[in-house]
Amino acid sequence: MLGALVGAGVLVAVPAIAVAERVLVDHGRGPTAVHDAAYSDVTTQVHSRAASGGTDVRLMVRGLPANRSFGAHVHVAPCGTDALASGGHYQHGAAVTLAEREVWLDFTTNADGEGVGTTHIPWLIAAGTAGSVVIHANPTNTTTGAAGARLVCTTVPFGQ
């Protein structure tokens, strides 16, 4: 009987609860633009995973000075040759603190000049509202959000 069912191509229904939720993954490799020639050997990777109403963002960097802290943020536009082309920091809403409405990926490099910045934000980045990750010269000032000069920029199509 089993052989007859297999040979007949019988399909088995899968319960609706087995259907996976929608997960959106965005990637960027770069940098797309180098704004300070001293950082021309830097390489970057950005991974963003959006699911269940939240987003995880991870920045991996190589080729920076060893044992140094840097600021990094999601910006509103893709990178360009002009350091200001990526626009300002992406902000979600206005009713919370700056740290809660921006995406900060600050990190400290190891002895080999490699660093990783990660964060989880409890909201999604809407398509077309953010376009890059910029690495800045200094760690983020938690009061103002400033982090110094823009060193390198990696375009990432967030939310698409």
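Residues numbered from 1 in each chain as written. Predicted model: local features only at pLDDT ≥ 70, side-chain atom pairs only at ≥ 80, totals over all residues. Heavy atoms only, no water.

Asker: Talk me through the pairing of strand S8 (residues 132–136); I want residue IDs and the actual numbers.
Answerer: Burial analysis of S8 places five of its five residues in the buried class, which makes it a mostly covered element. The alternating pattern of S8 places Ser132, Val134 and His136 on one face and Val133 and Ile135 on the opposite face, and all of these are buried. Here strand S5 (residues 69–75) runs beside S8; their pairing, made up of five bridges, is antiparallel. Residue pairing for S8: His73 is matched across the bridge by Val134. (Buried < 20%, exposed > 50% of the residue type's maximum accessible area, 1.4 Å probe, protein only. Helix = DSSP H or I, 4+ residues; strand = E, 2+ residues; numbered from the N terminus. Pairing = 2+ DSSP bridges.)

Asker: Explain the side chain of His136 residue by residue, including any values.
Answerer: Topologically, His136 is positioned in strand S8. Within the structure, the side chain of His136 is placed 3.1 Å from the backbone oxygen of Gly148, a separation counted as a polar contact. Beyond its immediate sequence surroundings of up to four residues, His136 is in contact with Phe70, Gly71, Ala72, His73, His75, His89, Ala147, Gly148, Ala149, Arg150 and Leu151. (Polar contact = N/O pair within 3.5 Å; in protein donor to acceptor, adjacent residues only side chain to side chain. Contact = heavy atoms within 4.5 Å.)

Asker: An account of the state of the cysteines is needed here, citing residue identities and associated values.
Answerer: By the definition in use, this model includes one disulfide. The residue that forms a disulfide with Cys79 is Cys153, at a sulfur-sulfur distance of 2.0 Å. Where Cys79 bonds to Cys153 through sulfur, the torsion about that S-S bond is close to -85 degrees, and the disulfide is left-handed. With a gap of 74 residues between them, Cys79 in the loop between S5 and helix H2 (98–101) and Cys153 in strand S9 (residues 150–155) connect regions that are remote in the sequence. Neither Cys79 nor Cys153 differs from the other in exposure class; each is buried. (Disulfide = S-S within 2.5 Å.)

Asker: Quick rundown of the side chain of Thr140? Include the residues and the values.
Answerer: Inspection of the secondary structure assignment puts Thr140 in the loop between S8 and S9. A polar side-chain atom of Thr140 sits 2.7 Å from a polar atom in the side chain of His73. For Thr140, the contacting residues outside a window of four places in its chain are Gly71, Ala72, His73, Trp104, Asp106, Gly145, Ala146 and Ala147.

Asker: If you had to explain the packing of aromatic side chains to someone new, which residues and values would you point to?
Answerer: When we look at a pair of aromatic rings, we describe it by the centre distance and by the angle of the planes. Taken as a whole, this structure holds two aromatic pairs when the rule is applied. Ring geometry for Tyr90 against Trp123: centres 5.9 Å apart, planes inclined by 35 degrees, an arrangement best described as tilted. On the criterion of sequence distance, the pair formed by Tyr90 in the loop between S5 and H2 and Trp123 in the loop between strand S7 (115–121) and S8 is long-range, its members being 33 residues apart. (Phe/Tyr/Trp six-rings, centres within 6.5 Å; stacked < 30°, edge-to-face > 60°.)

Asker: Could you give me a rundown of the nonpolar core, with the residues and numbers involved?
Answerer: Among the nonpolar cores identified, the biggest contains 25 residues, and Leu59 and Phe158 are the most heavily contacted of them. Secondary-structure elements contributing two or more residues to this core are strand S4 (54–62), S5, S8 and S9. With residues near it in sequence (within four places) discarded, Leu59 still touches Thr44, Gln45, Val46, Ala72, Leu105, Phe107, Gly115, Val116, Gly117, Val133 and Ile135. (Core = buried A, V, L, I, M, F, W, Y, C linked by side-chain atoms within 4.5 Å.)

Asker: I'd like a description of the confidence of the model for the chain, backed by residues and values.
Answerer: Here the chain averages 88 in pLDDT, and 86% of its residues register 70 or above. Between residues 1–20, whose pLDDT stays under 50, and residues either more than four places distant or in other chains, the model counts one contact. (pLDDT = per-residue confidence, 0-100.)

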